Amino acid sequence: MKILSLGSLNIDFVYSVGHICLEGETLSARALERKQGGKGLNQAAALARAGAPVFMAGCVGPDGDDLAETLARSGADVSYVRKIQEPSGSAMIQLADSGANSIVVYGGANRKVTPQMIDEVLSHFSPGDYILLQNEISCVEYAFRAAKARGMKLAFNPSPISEELFRYPLELADILILNELEGRSLAGIQSSSGEEILAALARRFPQAAVVLTLGEQGALYQDGRSRLFCPAQKVPVIDTTGAGDTFCGYFLACSMKGMPPEQALAMATQASALAIGTKGAADSIPSWAQVEAAAARPGR
Ligand code: RIB
């Protein structure tokens, strides 16, 4: 059983700022760094570092050689990453002193993924293999249908939320992994607690296992059999960028290893706690050995 991350690879431009820039404000950044990111790349890196047999598919431009190279160093197979003429996708990330972030993404090459490319990549996968999708590339709806037609298990991280996302056949997803903002949008409810969002999502998507991340509070899980809560650890926050991607990759990798959901949640929570203690998106994803060691530490 293997897993395909069909998604974005971005050049992240990270601006270190005192606070997130307000509407109408001009702000000086202390530093600007160029890093490797994109939800597809980050989640594939997390899967690889957690030991899952992961393949990355997507498009980069002539400026994006380091994206696939970095991911390959994490242990992912990058042979389905295509180099095209369009500039690579990019993200403008404001990283505040508090560790909070604000992200604007530009699709670039990520928006040049075609049905033909998806069909070609999927021809290398079999029923029972997993596909992991996010919402930063073109043809997501096509990928949903094509992957399910092949009998693959579909995990979806509906990020970022867009208008077109509401037209996707979300009822085909086997696993939904999302945060509270995304959960509220998908459930169509405004202000509500995590428990209420989870209950609404479970009613709306009864076929899916739903994993709802709650930031510093932890994560909730519900499937047809169980409803679980895993508290987050209290750790110093350096950079929250990519923490959700780390959670996503670790949760899926642990599920693929056959761990029950409570154990997969605990490992994913531990991995994202380590990720927020380090700067960067893909850079901050811990190895399996680091996560296991942290999980075994007394009093965690
Ligand atoms: O989830 C973090 C990621 O979101 C960043 O790496 C950025 O590229 C955007 O895709």
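Parameters at a glance
Along every chain, residues carry numbers that run from 1 in the direction the sequence is written. Totals for whole chains, interfaces and linings use all residues, but because this is a predicted model, local features are given only for residues with pLDDT of at least 70 and pairs of side-chain atoms are given and counted only at 80 or more. Hydrogens and water molecules were not included; the side-chain quantities draw on all heavy atoms of the structure. Think of a salt bridge as a Lys or Arg side-chain nitrogen and an Asp or Glu carboxyl oxygen that are within 4 Å of each other. Under the scheme applied here, a residue whose accessible area is under 20% of the maximum for its type counts as buried, over 50% as exposed, and between as partly exposed, the area being computed with a 1.4 Å probe on protein chains only. Numbering goes from the N terminus for both helices and strands, where a helix is a DSSP run of H or I of at least four residues and a strand is a run of E of at least two. Whether two residues are in contact is decided by their heavy atoms, any of which lying within 4.5 Å being enough. Strands were regarded as paired on the criterion that DSSP finds at least two bridges between them. Helix axes use the C-alpha atoms of the stretch in contact, all axes being lines fitted to C-alpha atoms, and the angles between their N-to-C directions lie in the range 0 to 180 degrees. A molecule or strand has a residue near it when one of that residue's heavy atoms lies within 4 Å. Any pair of N or O atoms that falls within 3.5 Å is considered a polar contact. Within protein, one atom must be able to donate a hydrogen and the other to accept it, and sequence-neighbouring residues count only if both atoms are side-chain atoms. Computed with the Shrake-Rupley method and a 1.4 Å probe, the accessible areas treat only the protein chains shown as cover for residues. Residues are grouped as follows: nonpolar covers Ala, Val, Leu, Ile, Met, Phe, Trp, Tyr, Cys and Pro; charged covers Asp, Glu, Lys and Arg; every other residue, Gly included, is treated as polar. Each aromatic pair joins two rings of Phe, Tyr and Trp (for Trp, the six-membered one) with centres within 6.5 Å, and gets the label stacked for planes under 30 degrees apart, edge-to-face for over 60, and tilted for any other angle.

The next point concerns the pattern of salt bridges. Taken as a whole and assessed by the stated rule, the structure comprises ten salt bridges. Across the pair Glu33 and Lys35 runs a salt bridge, and its minimum N-O distance is 3.9 Å. Taking relative accessible area as the criterion, Glu33 reaches 27% and is therefore assigned partly exposed. Overall, Lys35 belongs to the buried group, its relative accessible area being 14%. Residues Arg145 and Glu141 are paired through a salt bridge, measuring 3.0 Å at the closest nitrogen-oxygen approach. Of this pair, Arg145 and Glu141 both sit in helix H4 (residues 140-149), four residues apart, which is roughly one turn of the helix.

What follows deals with the environment of Cys230. Looking at the element boundaries, Cys230 is found in strand S13 (residues 227-231). You can call Cys230 buried: its relative accessible area is 12%. Between the C-alpha atoms of Cys230 and Leu220, which are ten residues apart in sequence, the distance is 6.4 Å. Cys230 has contacts with Gln217, Gly218, Ala219, Leu265, Ala266 and Thr269, leaving out every residue within four places of it along the chain.

A separate point is the sheet that holds strand S6 (residues 89-96). Whether parallel or antiparallel, the strands of a sheet pair through hydrogen bonds between backbone atoms. A sheet is described by the order of its strands in space; here four strands give the open sequence S3-S2-S6-S7, paired in mixed fashion. Looking at the sheet topology across the chains shown, the edges are occupied by strand S3 (31-37) and strand S7 (101-106). Neighbour-to-neighbour, the strand axes of the sheet open up by a mean angle of 20°, direction not taken into account. Bridge count between strand S2 (residues 10-17) and S6: eight bridges; the pairing is parallel. By the bridge assignment for S6, Tyr15 is matched with Gln94. Along the sheet, helix H2 (residues 65-74) makes contact with S2 and S3, crossing S3 at roughly 65°.

In the region of the ligand, the neighbouring residues are Asn10, Asp12, Gly37, Gly38, Lys39, Asn42, Ala91, Ile103, Val105, Glu136, Asp245 and Ala281. Take Gly38: an N or O atom from its main chain is 3.0 Å from an oxygen atom of the ligand. Bound to the protein, the ligand loses 96% of the 280 Å² it would expose on its own. If you list the elements that add at least two residues to the shell around the ligand, you get S2, helix H1 (39-49) and S7. Among the residues forming the shell around the ligand, the class breakdown is four nonpolar, four polar and four charged.

Strand order in this open sheet of nine strands is S5-S4-S1-S8-S9-S10-S11-S12-S13, and the pairing throughout is mixed. Because the sheet does not close on itself, it has two edges, and the strands there are strand S5 (77-83) and S13. Within this sheet the neighbouring strands show an average axis-to-axis angle of 15°, counted without direction. Relative to strand S12 (residues 218-222), strand S11 (residues 209-213) runs antiparallel, the two being bridged by four bridges. By the bridge assignment, Val211 is partnered in S12 with Tyr221. Across the sheet, helix H5 (residues 180-187) lies against strand S10 (175-179) and S11, angled at about 120° from S10, the strand it touches most.

In this section: the packing of aromatic side chains. The tally for this structure, following the rule as stated, stands at nine aromatic pairs. Ring centres of Phe144 and Phe156 lie 5.0 Å apart, and the angle between their planes is 75°; on these two criteria the pair is classed as edge-to-face. Here the residue Phe144 occupies a position in helix H4, and Phe156 occupies one in strand S9 (residues 153-156), the gap between them amounting to twelve residues. With a centroid separation of 6.1 Å and 40° between ring planes, the pair formed by Tyr221 and Phe251 is classed as tilted. Placement of Tyr221 in strand S12 and of Phe251 in helix H7 (residues 243-256) is noted, with a sequence separation of 30 residues between them. For the pair formed by Tyr221 and Phe251, the shared burial category is buried.

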